[in-house]
Amino acid sequence: MVLRVQVRSRGRSDLIDITEKIRALVRESKVQDGICFLYVPHTTAGILINENADPSVARDILNELERLIPWDGHYQHREGNAAAHIKSSLAGASETIFIEAGELALGTWQGIYLAEFDGPRQRNVWVKFLVTQK
Amino acid sequence: MVLRVQVRSRGRSDLIDITEKIRALVRESKVQDGICFLYVPHTTAGILINENADPSVARDILNELERLIPWDGHYQHREGNAAAHIKSSLAGASETIFIEAGELALGTWQGIYLAEFDGPRQRNVWVKFLVTQK
Amino acid sequence: MVLRVQVRSRGRSDLIDITEKIRALVRESKVQDGICFLYVPHTTAGILINENADPSVARDILNELERLIPWDGHYQHREGNAAAHIKSSLAGASETIFIEAGELALGTWQGIYLAEFDGPRQRNVWVKFLVTQK
């Protein structure tokens, strides 16, 4: 079964913290030991795991990606959002996180972000759980 | 079991669309609900998921990576292909895609690319399927 | 079960080759056909797969990331290590590698690196094995 999480981004670029949504799905799943697979079915958004304690980290990530791959660079794609395609290629579409003792096993400072690069939009994150041996 | 897909790249950099090859393997596998793991066993090629409708997106991705990490940059690696190693590190070696109702569950605009950064060459993509609960 | 590998980084940036440690864990696990999932629970370190034959490749990767995302860039995060957060977002926190005939199935030139971007520190890599059908 694939679960679907809907999120709404604000602004052209946005890191939306979905950690608590994924944590809640893990608890509802009752999986004790396993793996949580996350997949973003978009080509101008991706998924990132990084600090969510100080919100300036998310801003720095977005600003630096914009500096490296500017929206107004020289691109061929006529829809005007080539930078978003490139950024999402670097962010990646999938992540794999462990489940231990019924909880999502993130590092102390880690949060999960839907990385929006061509918003604002309604976006989806697909989630699948796998049970593994204790 | 690990399946092997062979592809041939053209030019030094190339994004080779392998979506239909992977889709065909999923159908042959008869997996109804599961996960498709993709792995690239190379150090100057990687795997990317992005738009395959307008071919200019693939060109923009390759051009922008070349602008950021130029082939003729200042590198120590004496084989002359350091840029390809760096680009493939950013693209990543593995991707994880869901299988639903017997089909590869990609987003509407998503395609799967073998990302060649030191071609032309014969390349391999390794594929593994996992059956999960419906 | 999640296994934990400890590594010690040297210098602010470092690529620490953990290939042999992971290979040893695969052998101890006695898994013949399966998947090895790796996860880095840090926000200023990540995981990369690339060449480990010529050590200049690792230096080129670190140097080029530093050129693109300089430690002394203009960032808002007050802890002073924003560049490390950004680099680790690009490296990624997870990798998925196949196990075949009881061995980690890497490409000929591939090695696995813990990518340190804010060291020196003690770091952890989490490892999980999954048995699949032959």
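All values derive from a computational prediction rather than experimental measurement.

Rules used throughout
- Throughout, residues of each chain are indexed from 1 in the direction in which the sequence is written.
- The naming scheme follows written order: chains are lettered A onward, ligands numbered 1 onward.
- Restriction of local features to residues with pLDDT of at least 70 applies here, the model being predicted, together with a cutoff of 80 or more for giving and counting side-chain atom pairs; totals for whole chains, interfaces and linings are based on all residues.
- The side-chain numbers reported here are obtained from all heavy atoms of the structure, hydrogens and water having been left aside.
- For two strands to be treated as a pair, DSSP must find no fewer than two bridges joining them.
- Strands here mean DSSP runs of E at least two residues long; helices mean DSSP runs of H or I at least four residues long; both are numbered from the N terminus.
- Orientation is described by axes fitted as lines to C-alpha atoms, over the contacting stretch for helices, and by angles from 0 to 180 degrees between their N-to-C directions.
- The contact definition used throughout considers only heavy atoms, calling two residues in contact when any of these lie within 4.5 Å.
- Here, a salt bridge means any side-chain nitrogen of Lys or Arg that lies within 4 Å of a carboxyl oxygen of Asp or Glu.
- We define a polar contact as two N or O atoms separated by no more than 3.5 Å, with the added condition that, inside protein, one atom must be a possible hydrogen donor and the other a possible acceptor, whereas residues neighbouring each other in sequence contribute only through side-chain atom pairs.
- Scored from 0 to 100, pLDDT records how confident the predictor is in each individual residue.
- Each residue is assigned to one of three classes by its accessible area relative to the maximum for its type, calculated with a 1.4 Å probe on protein chains only: buried under 20%, partly exposed between the two thresholds, exposed over 50%.
- Residue polarity is assigned by list, with Asp, Glu, Lys and Arg as charged and Ala, Val, Leu, Ile, Met, Phe, Trp, Tyr, Cys and Pro as nonpolar; anything else, Gly included, falls into the polar class.
- A least-squares superposition brings the copies together, and it is based on the C-alpha atoms of residues with pLDDT no lower than 70 in both.
- By convention a nonpolar core is built from buried Ala, Val, Leu, Ile, Met, Phe, Trp, Tyr and Cys residues, the set being connected through side-chain atoms within 4.5 Å.
- Note on aromatic contacts: the rings of Phe and Tyr and the six-membered ring of Trp form a pair at centre separations within 6.5 Å, being stacked when their planes are under 30 degrees apart, edge-to-face when over 60 apart, and tilted otherwise.
- The rule for a charge over a ring is simple: NZ of Lys or CZ of Arg within 6 Å of the ring centre, and within 35 degrees of the ring normal.

Asks: For this particular structure, what's the right way to read the sheet that holds strand β4 (residues 45-51) of chain B?
Replies: Pairing between sheet strands relies on hydrogen bonds along the backbone, with the strands arranged either parallel or antiparallel. Residue and element names in this part refer to chain B. What the three strands build is an open sheet, ordered β2-β7-β4; its pairing is antiparallel. The open sheet terminates on both sides in strands that have one partner only, identified here as β2 (14-17) and β4. Averaged over all adjacent pairs, the angle separating strand axes in this sheet is 35°, with direction ignored. Where β2 lies against strand β7 (residues 110-116), four bridges are found, and the strand directions are antiparallel. Its bridge partner lying in β7, Asp 17 is registered against Tyr 113.

Asks: Explain the interface of chain A and chain C to me, please; I cannot follow it from the model alone.
Replies: When the parts come together, some accessible area is lost, and that loss is often what is quoted as the size of the interface. Across the contact, 36 residues belong to chain A and 31 residues belong to chain C. Applying the counting rule to chain A against chain C returns one salt bridge. Here chain A and chain C share 19 residue pairs in polar contact (both at pLDDT 80 or more) between them. Elements with a minimum of two residues in the side of chain A that touches chain C: β3 (34-39), β4 (45-51), α2 (55-68) and β5 (94-100) of chain A.

Asks: Can you walk me through the environment of Ala 93 of chain A in this structure?
Replies: Its place among the elements puts Ala 93 of chain A in the loop between α3 (82-91) and β5. Residues Ala 93 of chain A and Pro 41 of chain A lie 52 residues apart in sequence; the distance between their C-alpha atoms is 7.2 Å. The contact partners of Ala 93 of chain A, leaving out residues within four places of it in the chain, are Leu 38, Tyr 39, Val 40 and Ile 47 of chain A together with Ile 49, Glu 95 and Gln 110 of chain B.

Asks: How should I be thinking about the confidence of the model for chain A in this particular structure?
Replies: For residues with low pLDDT, the predicted coordinates do not support detailed interpretation. On average, residues of chain A carry a pLDDT of 97, and 100% of them reach 70 or more. Interface confidence for the predicted complex, expressed as ipTM, amounts to 0.96; the pTM equals 0.97.

Asks: Any chance you could explain the pattern of salt bridges here in plain terms?
Replies: Pairing is possible between side chains that carry opposite charge, provided their charged atoms lie close to one another. Residues and elements named next belong to chain A. One pass over the full model with this rule turns up 24 salt bridges over all chains. Arg 67 is the partner of Glu 64 in a salt bridge, and the nearest nitrogen-oxygen pair spans 2.6 Å. Note that Glu 64 and Arg 67 are positioned in helix α2 at a spacing of three residues, about one turn of the helix. Glu 116 is the salt-bridge partner of Arg 123, the closest N and O atoms lying 2.8 Å from each other. Each member of the pair, Arg 123 together with Glu 116, is buried.

Asks: In this structure, what is going on with the interface of chain B and chain A? I would like to understand it.
Replies: Taken together, the contacts link 36 residues of chain B with 31 residues of chain A. In this assembly, chain B and chain A are joined by one salt bridge. At the boundary of chain B with chain A, the tally comes to 19 residue pairs in polar contact (both at pLDDT 80 or more). Only β3 (34-39), β4, α2 (55-68) and β5 (94-100) of chain B provide two or more residues apiece to the side of chain B that touches chain A. Ranked by the residues each element gives to the side of chain B that touches chain A, the list is headed by α2 of chain B, at ten residues. Considered class by class, the residues forming the side of chain B that touches chain A number 16 nonpolar, ten polar and ten charged.

Asks: Just checking my understanding: could you explain the side chain of Ser 56 of chain C for this structure?
Replies: Here Ser 56 of chain C shows up in helix α2 (residues 55-68). Here Ser 56 of chain C falls in the buried class, since its relative accessible area comes to 4%. Residues contacting Ser 56 of chain C, with those up to four places away along its chain left out, are Gln 76, His 77 and Arg 78 of chain B.

Asks: Help me understand the relation of the copies chain B and chain A, please; the structure alone is not making it clear to me.
Replies: Here two copies of a chain appear, and what relates them is a rotation about an axis with a shift along it. For the match of chain B to chain A, the screw axis carries a shift of 0.0 Å, the RMSD comes to 0.0 Å, and the turn is 120°. The transformation just described matches what one would write down for a three-fold rotation axis. Scanning chain B for the C-alpha nearest the rotation axis identifies Leu 90 of chain B, at a separation of 3.7 Å. The overlap is low: 14% of the interface residues of chain B also sit at the interface in chain A, so different surfaces are used on the two sides.

Asks: Would you explain the nonpolar core in this entry?
Replies: A general feature of soluble globular proteins is that nonpolar side chains tend to end up buried together. Core analysis: the biggest nonpolar cluster contains 96 residues, and Ile 112 of chain A, Ile 112 of chain B together with Ile 112 of chain C have the highest contact counts within it. Residues Ala 91 of chain A, Ala 91 of chain B together with Val 57 and Ala 91 of chain C belong to the second largest nonpolar core, which totals 60 residues.

Asks: Help me understand the packing of aromatic side chains, please; the structure alone is not making it clear to me.
Replies: Two descriptors summarise a pair of aromatic rings, namely the distance from one centre to the other and the angle between the planes of the rings. A full pass over the atoms with the stated rule returns nine aromatic pairs over all chains. Ring pairing ties together the aromatic residues Phe 37 of chain A, Phe 37 of chain B together with Phe 37 of chain C, which thus form one cluster. Its guanidinium or amino end placed over the ring of Trp 126 of chain B, Arg 4 of chain B lies 4.7 Å from that ring's centre, counting from NZ or CZ. Lys 128 of chain C extends its terminal NZ or CZ atom over the ring of Phe 98 of chain A, reaching a point 5.9 Å from the ring centre.

Asks: I keep staring at unusual backbone geometry and nothing clicks. Help me out?
Replies: Note: most residues except glycine have negative phi, and most peptide bonds are trans. With omega at 0°, the peptide bond leading from Gly 119 of chain B into Pro 120 of chain B counts as cis. You can see Pro 120 of chain B is positioned in the loop between β7 and β8 (122-131). Here the phi dihedral of Lys 30 of chain A falls at roughly 65°; this positive angle occurs in a residue that is not glycine. If you trace the backbone, Lys 30 of chain A turns up in the loop between α1 (19-29) and β3.

Asks: Looking at this structure, I do not really get the sheet that holds strand β8 (residues 122-131) of chain A. What am I missing?
Replies: Residue and element names in this part refer to chain A. Spatially, five strands are ordered β1-β8-β3-β5-β6 in an open sheet, and the strand pairing comes out antiparallel. Two strands lie at the open edges of the sheet, namely β1 (3-8) and β6 (103-104), each paired on one side alone. Judged from the six bridges that link them, β3 and β5 form a sheet pairing that is antiparallel. Within the sheet, the bridge partner assigned to Leu 38 lies in β5 and is Glu 95.

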